[in-house]
Amino acid sequence: MDVSHLLDALNPAQREAVSAPAGHLLVLAGAGSGKTRVLTHRIAWLIEVERVPPWAILAVTFTNKAAGEMRGRLDALLAGRTQGLSVGTFHGIAHRLLRRHWQEARLPQMFQILDADDQQRLVKRVISGLGLDEARHPPRQATWQINAWKDEGRRPDMLEDRGHPQTRAQIDIYRAYEEACRRAGLVDFAELLLRAHELMLEQPALLAHYRERWRQLLIDEFQDTNTLQYAWIRVLAGNTGQVFAVGDDDQAIYGWRGARVENVQHFLRDFPGARTLRLEQNYRSTATILKAANALIAHNGSRLGKQLWTAGADGARIALYAAYNELDEARHVVQRIAEHLDGGGRADDCAILYRSNAQSRVFEEQLMQQRIGYRVYGGLRFFERAEIRDALAYLRLAANPNDDAAFERAVNTPPRGLGERTLDTLRTHARAARVAMWQAASLLLADKSALSARAGNALRGFMELIQRIAASAPDASGGLTLAEHVAQMLALSELRAFYEKDSRGNAESRVENLDELISVAARFEPGPEDVEAGLGVLASFLGHAALEAGEAQGEAGQDCVQLMTLHAAKGLEFSIVFLVGLEEGLFPSQKSLDEDGRLEEERRLAYVGLTRARQRLLLSYAESRRLHGTEMLARPSRFLAELPAALIDEVRPRVQVSRPLYAPARAHAVEEETDLPALRLGQRVRHAQFGEGVVTAAEGGGAHTRVQINFAQAGSKWLVLAYARLEAC
DNA sequence: TTCAAGAGAGTTTTT
DNA sequence: CTCTCTTGAA
């Protein structure tokens, strides 16, 4: 058989991975080493050469984008011979399993998915329902804890408080939250995975069926798996399934949300006979960029070890710009982009990468001023917009009246006279009777004296409205299409009218979005897997809305400068990368510096940033930066010192200002020049935000004077004297 | 019930 | 500084 079309375009390491004999394989795929190509060619190899039927293959990714990309490449490679092949995200696959086996999973047939936002609202209501103080038990933190426990596979009964009242309360919240979800037929993201895992463990026949079916498991971005996802793969593989895991421990940047890089090491221990292959040849960046990246990541201990190399040229040296402040940094970056454009370059060659979203603003302002088009990644996506979520709440409630999260959202949007007072009565009754809000509402309406006539009428009107919407559902006997159903809902609920006369500026775009929702519904077609799982068009659509939030901003195809966080940049590449804000406390972030063991992940993030660049890499930092309203002084990031100096061109030698300030004589000079209070080392001062502290150092002079103050609460900080508005005390 | 002013918090994000 | 959410008054 001729297999050359599958192997010809590959390098020896890639070829070895694609054509590997039976057995588990761990592919350590460095940045830009052709990871997706190896994955897709491996699948093609299995089907064409090993004669594995497509339905016996399960390929798992983390994002819908990656799944879509893989499916597209497979279609091109296999020309349609992909019937029955399962490609999806962990959550997507778990969702389908649960839809298909809802009875075995003890879920209502019309269960709905609770997204992160809804989840937090629900947790919040649970906390106040338990009579707990929100200040002592922040909903944010409680939600985080619940998700962390679920990601570890732990149910409330498996947890112990060990005498800690705080832990006790969190377990109580967790238990009450689970109960609320059960009553409302809601499943959050972590629950999708946990339920699917439990389903397999509790139903041996089902497990046997899926082990028999999926003999080949391929996992993308393996370093991002959490405990539960790893356990799920182990269960599914059993003793018969073969696992092909692709990942890069040096690009593990999601530890903070439960991903366990250790799984890469555990894989070799837990999957007998597993072999390791390394893809180290890079097809993306210049040798200079790779040398820098290799040098940086070498500062991390506990690596599996990898050294990227390229057959290509050295390329230009890396530029480093020491900006005076964030505005100077932005001006410089935008000027370089303008030069690139003047030279005939494309805007979308350029990406500005930063550690935190707040940094994008200055760059946006400068780009706008220079009339250079740009696109900021991240932010609200289509299905996350308030008006769309409102609309979806009506659809969900009509599909499943027990969906309390949807009830709470829809009930008074638009306002219909059902305020906090009435809702509180409803919540209390629902909790006492252990039923959903909808049922509690029915009960209260039956009891003539329970509600005021006005509230009762409003509530009755709302419930009749939901029933009228439900009657127009595609699955109901009325027989409307999905798009007609959505249009009907928008009209009946008066949502569209409400947003039309919305006074808060952006009414137009909100109405446009609502209209767009009708078009989205009209275009929507359930995927083959949804059909296979027996989903109706409405359930399929609602699942799609919850699991695939859609594009952040339209016009992705336009030629414009790309702005995004380093996290968002993972997996992408650009000819010219500006990695900005390389300052201690910003990148690496202060929060990571404060906690043990978080620095290596920051370094991996920097590694991800460096390896995004194909041709040119430009680094920058600001000596002074305005953050949260206060001017802060920062030192260059330690990561800069970890790059070989020979690879770097300092665009402007940075001003050396570290003369110690000999107080009080020098402080007196400062006072004369700038009209600032005289300061001396050791003096106690007060800052509006950080409280009291002691001056421990100072440098620079005149308007540039910066002082280091050790605050009692906020710790040690460098501040620009001119902005800090310190009071002596 | 609704609106407006004040308080408080502000890494990173997908599903 | 800027956004979100809570709180208090009309």
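These numbers come from a predicted model, not from an experiment.

In terms of regular secondary structure, chain A is built from 31 helices and 21 strands. Expressed along its principal axes, the backbone C-alpha trace of chain A runs to roughly 85 × 80 × 60 Å. Per-residue burial over chain A gives 54% buried out of 729 residues. A separation of at least 24 residues holds for 74% of the contacts in chain A among residues at least 6 apart in sequence. Surface exposure of chain A reaches about 32,500 Å², of which carbon and sulfur atoms provide 49%. Where the 89 positive side-chain charges of chain A centre and where its 93 negative ones centre are 2 Å apart.

Sheet architecture is open: six strands sit in the order β3-β2-β6-β7-β1-β8, paired in parallel fashion. In this open sheet, the two strands that pair with only one neighbour each are β3 (86–89) and β8 (275–279). Taken pair by pair, the neighbouring strands of this sheet meet at an average axis angle of 15°, ignoring direction. Summarising the sheet, strand β1 (residues 25–29) and β8 pair through five bridges and their orientation is parallel. The partner of Leu25 across the bridge, within β8, is Arg275. Sheet strands in contact with helix α11 (residues 227–237) are β2 (57–61), β6 (216–219) and β7 (242–247), and its direction is about 165° off that of β6.

Moving on, we get to helix α18 (residues 420–433). Between its terminal C-alpha atoms α18 stretches 20 Å, which fits the 20 Å expected from 14 residues at 1.5 Å a residue. Turning to α18, its buried residues number three or more, namely Thr422, Leu423, Leu426, Arg427 and Ala430. For α18, the angular spread of the buried residues around the axis is 135°, confining them to a single face. Along α18, exposed side chains directed more than 90 degrees from the buried face belong to Glu420, Arg421 and Ala432. Its buried side turned inward, α18 meets α6 (116–129), α17 (404–410), α19 (437–446) and α20 (453–471). In the segment just after α18, Arg434 is the residue with positive phi, at about 55°.

Around DNA strand B sit 29 residues, and of these Arg355, Gly419, Thr565, Lys591 and Arg598 come closest. Here, DNA strand B places atoms within 4 Å of the protein, and 51% of those atoms are sugar or phosphate. Contact between DNA strand B and Lys591: a phosphate oxygen at 2.4 Å from a side-chain N or O atom of the residue. Here Arg598 contributes a side-chain N or O atom positioned 2.4 Å from a base oxygen of DNA strand B. Class assignment of the residues belonging to the surface near DNA strand B gives a composition of eight nonpolar, 14 polar and seven charged.

Mapped onto the present numbering, the UniProt feature "domain: UvrD-like helicase ATP-binding" (unreviewed entry) falls on residues 8–286. The span residues 8–286 is 49% helical and 13% strand by assignment, and the distance between its end C-alpha atoms comes to 24 Å.

Let's shift gears to helix α12 (residues 262–270). In an α-helix, one turn spans 3.6 residues; hence positions three or four apart end up facing the same way. Those residues of α12 not exposed but buried are Asn263, Val264, Phe267 and Asp270. One face of α12 carries all of its buried residues, which in axial projection span an arc of 130°. Summarising the contacts, the buried residues of α12 are in contact with β1, α11 and β7.

Glancing now at the protein's contact with DNA strand C. Close to DNA strand C lie Lys124, Arg361, His628 and Gly629, which account for all nearby residues. When atoms of DNA strand C within 4 Å of the protein are sorted by moiety, sugar and phosphate together comprise 46%. Grouping the amino acids of the surface near DNA strand C by side-chain chemistry returns no nonpolar, two polar and two charged.

Let us now look at the UniProt feature "binding site: ATP" (unreviewed entry) in chain A. Taking the UniProt record as the reference, the feature "binding site: ATP" (unreviewed entry) is found at Ala29, Gly30, Ala31, Gly32, Ser33, Gly34, Lys35 and Thr36. With respect to the helices and strands, Ser33 occurs in the loop between β1 and α3 (35–48). Within the local environment of Ser33, its side chain forms a polar contact with the backbone oxygen of Gly30, the two atoms lying 2.7 Å apart.

A few words on the packing of aromatic side chains. For the structure shown, the criterion picks out 15 aromatic pairs. Where Tyr210 meets Trp214, the ring centres are 5.1 Å apart and the plane angle is 35°; that geometry is what we call tilted. For Trp214, a relative accessible area of 5% gives the class buried. In this arrangement the basic side chain of Arg99 is found over the ring face of Phe111, its NZ or CZ atom lying 3.8 Å from the centre.

Right, let's get into the environment of Pro526. Along the chain, Pro526 turns up in the loop between α23 (507–523) and α24 (528–532). Placed 291 residues apart in sequence, Pro526 and Val235 show a C-alpha to C-alpha distance of 29 Å. When residues no more than four places from it in sequence are discounted, the contact partners of Pro526 are Val531, Val537 and Ser540.

Turning to the nonpolar core, a few remarks are in order. Within the largest apolar cluster, 52 residues are counted, with the highest numbers of intra-cluster contacts made by Tyr394, Phe407, Leu426, Leu459, Phe462 and Phe541. Broken down by element, this core gets its largest block of residues, nine residues, from helix α16 (residues 386–399). Setting aside its immediate chain neighbours within four residues, Leu459 contacts Phe407, Leu418, Leu426, Ala441, Leu445 and Leu451. Counting 43 residues, the second-largest nonpolar core is a separate cluster that includes Val187, Val243, Val264 and Ala546.

So, on to the environment of Asp348. Here Asp348 is to be found in the loop between α14 (326–342) and β10 (350–354). Classification of Asp348 by relative accessible area gives partly exposed; the value is 23%. Filtering out sequence-adjacent residues up to four positions away, Asp348 remains in contact with Gln558, Asp559, Cys560, Gln562 and Phe574. Looking at Asp348, its side chain comes within polar contact range of the side chain of Arg346, at 3.0 Å.

Looking at chain A as a whole, the pLDDT averages 88, with 92% of positions reaching at least 70. In the predicted structure, residues 655–676 sits below a pLDDT of 50 and forms 34 contacts with residues beyond four places in sequence or in another chain.

Now for unusual backbone geometry. At the junction of Thr413 and Pro414, the peptide bond is cis and its omega measures out at -5° in the coordinates. Even without glycine at this site, Arg162 takes up a positive phi of about 50°. Given a relative accessible area of 71%, Arg162 falls into the exposed group. At Arg434, a residue that is not glycine, the phi angle is positive and equals roughly 55°.

Conventions we followed
Residues numbered from 1 in each chain as written. Chains lettered and ligands numbered in written order. Predicted model: local features only at pLDDT ≥ 70, side-chain atom pairs only at ≥ 80, totals over all residues. Heavy atoms only, no water. Helix = DSSP H or I, 4+ residues; strand = E, 2+ residues; numbered from the N terminus. Buried < 20%, exposed > 50% of the residue type's maximum accessible area, 1.4 Å probe, protein only. Contact = heavy atoms within 4.5 Å. Areas by Shrake-Rupley, 256 points an atom, 1.4 Å probe, with all protein chains shown as cover. Lys, Arg positive; Asp, Glu negative; His and termini not counted. Charge placed at Lys NZ, Arg CZ, Asp CG, Glu CD. Pairing = 2+ DSSP bridges. Axes fitted to C-alpha atoms, helices over the stretch in contact; angles between N-to-C directions. Expected span 1.5 Å × (residues − 1). Arc of directions from axis to C-beta. Near = heavy atom within 4 Å. Polar contact = N/O pair within 3.5 Å; in protein donor to acceptor, adjacent residues only side chain to side chain. Nonpolar A, V, L, I, M, F, W, Y, C, P; charged D, E, K, R; others polar. UniProt positions renumbered as here; feature names shortened; annotations may be inferred. Phe/Tyr/Trp six-rings, centres within 6.5 Å; stacked < 30°, edge-to-face > 60°. Lys NZ or Arg CZ within 6 Å of the ring centre and 35° of its normal. Core = buried A, V, L, I, M, F, W, Y, C linked by side-chain atoms within 4.5 Å. pLDDT = per-residue confidence, 0-100.

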